[in-house]
Amino acid sequence: MNDSFRIQGDKKVSKSYNIAVMPGDGTGPEVITEAVKVLKAAAEKFDFKVNLTDFDFGGERYKRTGETLPDSGVEELRQFDSILLGAIGHPDVAPGILEKGILLKARFELDQYINLRPVKLFPGVETPLKNKGPEDIDYVVVRENTGDAYTGAGGFTLKGTPNEVAVQSAVYNRFQVDRCLKYAFEYARKFGKKARGVGEENTLALCGKTNVLTFIYDLWERAFNEMGKKEYPDIRREYYHVDATCMWMVKNPEWFDVIVTGNMFGDIITDLGAITQGGMGIAAGGNINPEGVSMFEPIGGSAPKYTGQNVINPLAAICAAGMMLQTLGEEKAAEKIEEAVKFITANKLKSLAAGKMGYSTTEVGDLVAEIVAQ
Ligand code: IPM
Ligand code: MN
């Protein structure tokens, strides 16, 4: 009997997860190597098993074969318990091809309708926000991940003429809005500030633009209030326009607990959030289908200029692996990974920036893995 198959009484207690690993482009493979190192350390320590299968979707494969993420690839990915993604984006490939053909295709085809992006300042990490610390910058953005301007609805008329018109529609239906809100309310109930013992209430803020996008965000706001009143009276509801949200994320980030928003605003405000938590070296996200296959990624991109130098920060990928374990239900392992990351940001790393950490990519992975294994 091997270690990962223990019997207690007559009950099998250890679980086994099939993980698809897509290292992707640029520094993706380097950071994924470290995330996998930590994942394996966590599996060993917390008594579960990970079966990893590599996929080479990305810029190099596209250059070789003209293929992005084929339909057959989607069907293969569907068979896994989860997906760990490095980065998509290649300097030799025109912008949009790989992003749409791989990243967005996976999100859409696997119906990963939530993009969960924690904004959390770890101890010892420098933030550009004056006088703010880890207790102030600690919230989560629930970004809807299937609708809005991302659906590709639109087109040109009179293309190439002086009277050319381009239209790109933001699209939402009630079903998309409701399922996202439900996830956000549930998340706030389970992981909001009260639930975590750091506040008096669990709060969900809707970030919209009801003063201009009077159709889309009217739908969001009505759905938000209806669902909140009826099913989540215990959760405090707030509303912010997106422009004001940006302002308060800088001036008073401590006001936020869980924010829910549409796809496009979510894309924009989470880059702002990422820089307040120390930048792309640490920001992780999960593309989640609560009923299906989810995909976790560092949100920083492929950083081609640092490729192959062993200087890129792998913590975002490591945190993405942690989020993956949390979503799979290995909560203790996820907590331990976060603790280990906090320990090294507080006590080891000089900076989170590539080349300035005081350690190589590999060494950072080793440091985290060692702590996780303890
Ligand atoms: C992100 C990225 C993607 C997005 C791009 C690469 C298509 O910016 O994950 O936030 O817009 O969702
Ligand atoms: Mn983005």
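Throughout this description, residue numbers start from 1 for each chain and increase along the sequence as written. Here chains are named by letter from A upward and ligands by number from 1 upward, in the order in which they appear as written. Where local features are concerned, this predicted model is filtered to residues with pLDDT of at least 70; where side-chain atom pairs are given and counted, the filter is 80 or more; whole-chain, interface and lining totals use all residues. Side-chain metrics in this entry use all non-hydrogen atoms of the structure; hydrogen atoms and water are not considered.

### Observations regarding the site of ligand 1
Then, number 1: In the region of ligand 1, the neighbouring residues are Glu99, Leu103, Arg107, Arg117, Arg143, Tyr150 and Asp267.
Then, number 2: Under this definition, polar contacts are N or O atom pairs within 3.5 Å; protein pairs additionally need one hydrogen-donor-capable and one acceptor-capable atom, and for neighbouring residues in sequence, both atoms have to be side-chain atoms. Within the contact set of ligand 1, an oxygen atom lies 2.7 Å away from a side-chain nitrogen or oxygen of arginine 107.
Then, number 3: Runs of H or I in DSSP of at least four residues are treated as helices and runs of E of at least two as strands, each being numbered from the N terminus. Per-element tally for the shell around ligand 1: the top contributor is helix α4 (residues 97–109), with 3 residues. Residues are counted as near a molecule or strand when any one of their heavy atoms sits within 4 Å of it.

### Details of the side chain of serine 82
Then, number 1: Positionally, serine 82 belongs in strand β5 (residues 82–87).
Then, number 2: A polar atom in the side chain of serine 82 sits 3.3 Å from the backbone oxygen of serine 294.
Then, number 3: Setting aside residues no more than four positions away along its own chain, serine 82 makes contact with Asn18, Ile19, Ala20, Val293, Ser294, Phe296, Met324 and Leu328. Any two residues whose heavy atoms approach within 4.5 Å are treated as being in contact.

### Thoughts on the pattern of salt bridges
Then, number 1: Salt bridges are counted wherever a side-chain nitrogen of Lys or Arg sits within 4 Å of a carboxyl oxygen of Asp or Glu. All chains considered together, the criterion is met by 23 salt bridges.
Then, number 2: In this structure, the salt-bridge partner of arginine 107 is glutamate 297, at a minimum N-O distance of 3.0 Å. Placement of arginine 107 in helix α4 and of glutamate 297 in strand β14 (residues 294–298) is noted, with a sequence separation of 190 residues between them. Each of the two residues, arginine 107 as well as glutamate 297, counts as buried. Between buried and exposed lies partly exposed: a residue is buried under 20% and exposed over 50% of the maximum accessible area for its type, with that area taken using a 1.4 Å probe on protein chains only.

### Focus: helix α9 (residues 315–328)
Then, number 1: One less than the residue count of a helix, multiplied by 1.5 Å, gives the span that helix is expected to have. Over its 14 residues, α9 runs 20 Å from end to end, which matches the ideal 20 Å to within 8%, given 1.5 Å per residue.
Then, number 2: For α9, the tally of buried residues reaches 12 of 14 residues, placing the bulk of the element in the interior.
Then, number 3: Taken residue by residue, α9 has Leu315, Ala316, Ala317, Ile318, Cys319, Ala320, Ala321, Gly322, Met323, Met324, Leu325 and Leu328 as its buried positions.
Then, number 4: Immediately downstream of α9, the backbone of glycine 329 shows phi near 100 degrees, a positive value.

### Structural notes on the sheet that holds β5
Through backbone hydrogen bonds, the strands of a sheet pair up, either in parallel or in antiparallel fashion.
Then, number 1: Read across the open sheet, the 10 strands follow the order β4-β3-β5-β14-β13-β6-β7-β12-β10-β11; overall the sheet is mixed. In this open sheet, the two strands that pair with only one neighbour each are β4 (49–54) and β11 (236–241). Mean inter-strand twist for the sheet, computed between neighbouring axes without regard to direction, equals 25 degrees.
Then, number 2: The pairing criterion for strands is at least two bridges between them, as found by DSSP. As paired strands, strand β3 (residues 16–24) and β5 are joined by 5 bridges and run parallel to one another. Paired with isoleucine 19 across the strands is serine 82, a residue of β5.
Then, number 3: Running at roughly 145 degrees to β5, helix α1 (residues 28–46) makes contact with β3, β4, β5 and β14 of the sheet. To get an axis, a line is fitted to the C-alpha atoms, and for a helix only the part in contact is used. The angle between two axes follows their N-to-C directions and goes from 0 to 180 degrees.

### Observations concerning the confidence of the model for the protein
Then, number 1: A residue-level look at the protein finds 97% of positions with pLDDT of 70 or above and a mean pLDDT of 96.
Then, number 2: pLDDT expresses how confident the predictor is about each individual residue, on a scale running from 0 to 100. Mean pLDDT across the elements of the protein ranges from a minimum in strand β1 (residues 7–8), with 48, to a maximum in strand β12 (residues 258–261), with 99.

### Observations concerning the packing of α1 against helix α10 (residues 331–347)
Then, number 1: At a minimum axis distance of 10 Å, the contact between α1 and α10 shows a crossing angle of 130 degrees. Comparing the axis directions of α1 and α10 gives the class oblique. Seen along the crossing, α1 lies across α10 with a hand that is right-handed. Contacts from Val38, Ala42 and Phe46 in α1 reach Lys332, Ala333, Lys336 and Ile337 in α10.
Then, number 2: By residue class, the composition of the contact of α1 with α10 is 5 nonpolar, no polar and 2 charged. Orientation categories follow fixed angle ranges, with anything under 35 degrees roughly parallel, anything over 145 roughly antiparallel, 65 to 115 roughly perpendicular, and all other angles oblique. Helix crossings fall into two classes, left-handed where the near helix is turned counterclockwise from the far one by less than a right angle and right-handed where it is turned clockwise. In this classification, the charged set is Asp, Glu, Lys and Arg, the nonpolar set is Ala, Val, Leu, Ile, Met, Phe, Trp, Tyr, Cys and Pro, and all remaining amino acids, among them Gly, are polar.

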